[in-house]
Amino acid sequence: MTDFMPIVSPPTPAPSPRPSPFHYSTFQPKYNPLIPSEFSTLGPASRKQYLISILHECSPAELRFISQTITPMLKRDVLTELPAELALHILAYVDDPCTLARASQVCKRWHDLVADDWLWKVLCDTYSFRADTEDKSGANLSEDDESWDETDKFTSNPIDPWLTARDRLKRQELTSVSHWGPYSSDELLHPRTQFSHQEYFRRAYGTMLNLRKGGNILRAHRMPIPTPDSGVVTSVALDTEWVVVGLANSKIHLFSAITGVLSRTLMGHELGVWAVHLICRGGYWGRGEMDEDGFPDDADDPVVPAALKTALGIDRRRRMQYPASVGDDSSKPSDICCTSEGWGQPNSIIVSASCDKTLRVWDAKSGHCIYVLRGHTATVRCARVLHNRPIAVTGSRDSTLRVWNIQKGVILRVLHGHTASVRCLDVCGNKVVSGSYDTTCRIWDVDTGECIRLLRGHSHQIYSIAIDGNLVASGGMDTIVRVWDATTGNCIAQLTGHTALVCQLQLSTSTSLLATGGSDGRVITFSLRSFTALQRLAAHDSSVTSLQFDANFLITGGNDGRVRVFETQTGTWVRDLSERSESVWKVLYKKGVCAIMCKRAGKTVMEIWTFKPKER
């Protein structure tokens, strides 16, 4: 028999306490609540009690409306309320220019903050955009088409460096000034033209984007090659105005770097041109009161037509004062594009060296040959001109170097020491380094002609050399790249990696990088701090014929007919430029203009590319 136990239900819990209702009896308003002026007379506690009483009477929809209304009222613009210096410090952490462009549209205060030039100088440093003397002088040549995209929204307001950030913002509210124009200030009585980092960043950033994906050909010149060697491009020089091309058929072509149009052909050399160098117009005189030949200023001028004297700057007052942005130019390295800053002359000057043993000096504007300088007894193989001085240095197969005054058309001194052909040279300040087939390098003082250091170590002929400050790099047939201390003459590093002739080389102490290119098709970048290989690129299938880099991009050309662009820091391939050709002879790039010299379909092809953004 089964017994059933009764199940007793659990006790019911006591109900939860309910919140006591708000008693409104404690607040008895004595005025019409619809009148805001009476509400403002209440004390803080009474105002809060009154608002609570209203909220308890509101429906959910009305509460949502109140919430949507007061939420924007509680927001605060931190940048507007902070001091200008702190606000700019915060904005300096924004490294995307498009974000800054959108921020400038939030309100007038933000617009003025983003317009501060210091902010754009920081951004230029972040992207490694370094303005040179020409940029800071305000030169503004015509630029070509490409899109600005969102960077069109950037503002353009210059700054006065003597003002604080707060004063600049206040002044921007009162004054509207062009970014290239003078800026009036209480402290300065005379107008001053300010360099705009913001405008410079706009151009540099647009150019960088176009180099990654964009650009267009200004002109492509095709010339037949009558004989196998006659159409070979041997040398190129490039600045913002001109592209100078030397050929094995003794001709020199001069193109506009702005339009790509062939301006003129310089004829005079009897044999092939091996080297060209371009001296930019303008600049300043980088020496004292004596001429470069040691004679005072009132010495007899050379016998040349008046127009050519003007082109050389002989008949004008010398600009002796250095620009503030230049500083000490005693160790200014040469330009990889075979150009140099002028000494104040109004016209660009071209120097060419040839197999006919002569050096010629040309006026780029008129195309006239000013001087024919003789002295070498064999082919003049290489030539460089110093910055801000009318001093040219040439190296020849006669084993000598010669120093010339190209403004007066006279030889200054002959540098003896090498025992075989001088194959390459480079300049930095008043120092010249030369590499020879006698397997040695030499460092010379241009002003005295003295051989300062003899660098021994290579076992075969030297084909490439560069100097920057106190470092010298050299490469040649022994496949080893050597780095030397220019002060002591000691070899401080031997860099390996190539399996054939090291024929291309660029040295840059500003980026602490050394890039080399060889006949094996390899391109290697080395750190100048640790002297180790950073990137080893199988860039080409045959010899590297051109190599150039800056902080962002590495551009190479090769005998395999390709022109390639890589990221300098990572070695990542970016793109190939132009159509593939039979062979690429020379490639130069400068400030958004690229000159490509190649052989395609049996013809010499000279392409002038532009990557400059659209001028607004």
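Criteria and cut-off values
Residues numbered from 1 in each chain as written. Predicted model: local features only at pLDDT ≥ 70, side-chain atom pairs only at ≥ 80, totals over all residues. Heavy atoms only, no water. Pairing = 2+ DSSP bridges. Helix = DSSP H or I, 4+ residues; strand = E, 2+ residues; numbered from the N terminus. Axes fitted to C-alpha atoms, helices over the stretch in contact; angles between N-to-C directions. Contact = heavy atoms within 4.5 Å. Buried < 20%, exposed > 50% of the residue type's maximum accessible area, 1.4 Å probe, protein only. Patch = residues over 30% accessible without salt bridge, like charges linked within 9 Å, V, L, I, M, F, W, Y side chains within 5 Å. Areas by Shrake-Rupley, 256 points an atom, 1.4 Å probe, with all protein chains shown as cover. Salt bridge = Lys/Arg side-chain N within 4 Å of Asp/Glu carboxyl O. Polar contact = N/O pair within 3.5 Å; in protein donor to acceptor, adjacent residues only side chain to side chain. Phe/Tyr/Trp six-rings, centres within 6.5 Å; stacked < 30°, edge-to-face > 60°. Left-handed = near helix turned anticlockwise from the far one by under 90°. Nonpolar A, V, L, I, M, F, W, Y, C, P; charged D, E, K, R; others polar.

If you check an unreviewed UniProt entry, the protein chain appears there as WD40-repeat-containing domain protein from Suillus subaureus.

(A) Just the sheet that holds strand β35 (residues 603-610), in detail. Across the sheet, four strands lie side by side as β1-β35-β34-β33; this open sheet has antiparallel pairing. For this open sheet the edge positions go to β1 (216-224) and β33 (583-590), each flanked by a neighbour on one side alone. Geometrically, the sheet is characterised by an average inter-axis angle of 10° between neighbouring strands, direction not taken into account. Two elements, strand β34 (residues 593-600) and β35, share eight bridges in a ladder whose sense is antiparallel. Across the sheet, residue R600 finds its bridge partner in β35, namely K603.

(B) Main features of the side chain of T394. One can find T394 in strand β14 (residues 391-396). Excluding residues within four positions of it along the chain, T394 makes contact with L359, H376, V380, C382, A383, T400, L401, R402, W404 and L425.

(C) Looking closely at the pairing of strand β30 (residues 553-558). In terms of burial, β30 is largely enclosed, as six of its six residues are buried. Burial of β30 is two-sided: the residues F553, I555 and G557 facing one way and the residues L554, T556 and G558 facing the other way are all buried. Pairing of strand β29 (residues 544-549) with β30 involves five bridges; the strand directions are antiparallel. Of the residues in β30, the one forming a bridge with V544 is G558.

(D) Geometry of a nonpolar patch on the surface. A cluster of nonpolar side chains, namely I70, M73 and L74, defines an oily patch on the protein surface of about 360 Å² accessible area. Looking at where I70 falls in the secondary structure, it is placed in helix α3 (residues 60-74).

(E) Up close: the side chain of H197. Among the secondary structure elements, H197 is positioned in helix α11 (residues 197-212). Judged by relative accessible area, H197 falls into the buried class, the value being 17%. Within the structure, the side chain of H197 is placed 2.8 Å from the side chain of D117, a separation counted as a polar contact. Apart from the residues lying within four places of it in its own chain, the contact partners of H197 are D117, W120, K121 and C124.

(F) Local environment of the packing of aromatic side chains. Per the counting criterion, the structure on display carries 10 aromatic pairs. Ring centres of Y127 and Y205 lie 5.7 Å apart, and the angle between their planes is 90°; on these two criteria the pair is classed as edge-to-face. With Y127 in the loop between α8 (117-126) and α9 (133-136) and Y205 in helix α11, this pair connects stretches of sequence that are 78 residues apart. Neither residue differs from the other here; Y127 and Y205 are each classed as buried. With centroids separated by 6.3 Å and ring planes inclined at 55°, the aromatic side chains of Y589 and F611 adopt a geometry described as tilted. On the criterion of sequence distance, the pair formed by Y589 in strand β33 and F611 in the segment after β35 is long-range, its members being 22 residues apart. The burial state of Y589 is the same as that of F611; both residues are buried. Of the aromatic side chains, those joined through ring pairs into one cluster are W120, Y127, F129, F201 and Y205.

(G) A look at the packing of α8 against α11. Closest axis-to-axis distance for the α8/α11 pair is 8 Å, and the angle between their directions is 35°. Note on packing geometry: the crossing formed by α8 with α11 is left-handed. Side by side, α8 and α11 meet where D117, W120, K121, L123 and C124 of the first sit next to H197, Q198, Y200 and F201 of the second. Here the residues of the contact of α8 with α11 are counted per class, giving five nonpolar, two polar and two charged.

(H) Expanded view of unusual backbone geometry. Phi is positive for K357, which is not a glycine, with a value near 75°. Note on placement: K357 falls in the loop between β10 (349-354) and β11 (359-363). Phi angles above zero are rare outside glycine, and K591 is one such case at about 50°. As for its position among the elements, K591 is in the loop between β33 and β34. Residue classification places K591 among the partly exposed positions, given a relative accessible area of 26%.

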